[in-house]
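Fold and contact review
One letter stands for each residue in the lines below.
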Amino acid sequence: MTEPLVVLKGVNKHFGELHVLQDINLSIDKGEVVVVIGPSGSGKSTLCRTINRLETFETGSITIDGAPLPEEGKELAKLRADVGMVFQSFNLFAHKTILDNVTLGPIKARKIPKAQAEKRAMELLERVGVAHQAQKFPAQLSGGQQQRVAIARSLAMDPKVMLFDEPTSALDPEMITEVLDVMVSLAKEGMTMVVVTHEMGFARKAANRVVFMADGQIVEENDPEGFFTAPKSDRAKDFLGKILTH
């Protein structure tokens, strides 16, 4: 039996008085796609951000591939290279071309030769459908294209796990599909993914497991079919009732 890739045990976090993560226990296997859903303020994004230490936590432990999360310094940089992260905002470097945005990490952090990094970057840009935009700057691309570049940039580091924190919430509706399509294909290829999203269609299609959070706790988890057709908790029933009727 292989160890899970990501393991959270008894993780707690406060923002002042607010207990945003309450005794979170969660294990994610290699190749598993876990979609985290729940009402606003339930702690979903905070959970996602603690996994690569963008947020600190007070008690408990988080391990990635058997190693505990480092506090800071070089080890933390190395961890961040292993954990890809895609945010609501695209966080691309505005003054660098699309190609340079994707090659920067591999060249600087992984010490990959420029020509090799560029070849790989072009393959990834091709894969997310924006290879023809490689020489442009982020501002010349649509939001959906920029987000696909952000995904390619994360993939260029060959991460062990990808975290997506509401990757489509800043996008216009017609762009959401193009980003979700890339994510669905990643899921099919066996990328380990933790996805915080409001997109229930994606959860149904791509998730191996749905984790439902409310008030800083994991209220229930199940496969998508089980969760969407027969939620066990009143909180989940209430949440699904509100979102699936519109």
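Scroll up a little and you will see the structure.
Here is a short report on the structure shown in this document. This structure is a prediction, so every number in the text was calculated from the model and none was measured. (Residues numbered from 1 in each chain as written. Predicted model: local features only at pLDDT ≥ 70, side-chain atom pairs only at ≥ 80, totals over all residues. Heavy atoms only, no water.)

Quick look at helix α2 (residues 73-82)
The set of residues buried in α2 consists of L76, L79, A81 and D82. Tucked inside the fold, the buried residues of α2 contact β4 (59-64), β6 (83-86) and β7 (161-165). (Buried < 20%, exposed > 50% of the residue type's maximum accessible area, 1.4 Å probe, protein only. Helix = DSSP H or I, 4+ residues; strand = E, 2+ residues; numbered from the N terminus. Contact = heavy atoms within 4.5 Å.)

Digging into the sheet that holds β6
An order of β6-β7-β8-β3-β9-β10 is seen for the six strands of this open sheet, with the pairing classed as mixed. Each of the sheet's edge strands pairs with one partner strand only, and the pair in question is β6 and β10 (217-222). Shown here is a sheet whose adjacent strand axes are inclined to one another by a mean of 20°, direction ignored. Where strand β3 (residues 33-37) lies against strand β8 (residues 192-196), four bridges are found, and the strand directions are parallel. Following the sheet pairing, V33 is matched in β8 by M193. In this fold α2 packs onto β6 and β7, with an angle of close to 70° to the strand it touches most, β6. Across the sheet, helix α5 (residues 143-155) lies against β6 and β7, angled at about 170° from β6, the strand it touches most. (Pairing = 2+ DSSP bridges. Axes fitted to C-alpha atoms, helices over the stretch in contact; angles between N-to-C directions.)

So, the side chain of S233
Mapped onto the elements, S233 comes out in the loop between α8 (224-229) and α9 (234-244). A polar atom in the side chain of S233 sits 2.7 Å from the side chain of E220. Contacts of S233, omitting those with residues within four sequence positions, involve V219 and E220. (Polar contact = N/O pair within 3.5 Å; in protein donor to acceptor, adjacent residues only side chain to side chain.)

A short note on the pairing of β10
Where strand β9 (residues 209-214) and β10 come together, five bridges link them in antiparallel fashion. Its bridge partner lying in β10, A214 is registered against Q217. Once β9 ends, the chain turns through two residues before running back antiparallel as β10, passing D215 with a positive phi of about 50°.

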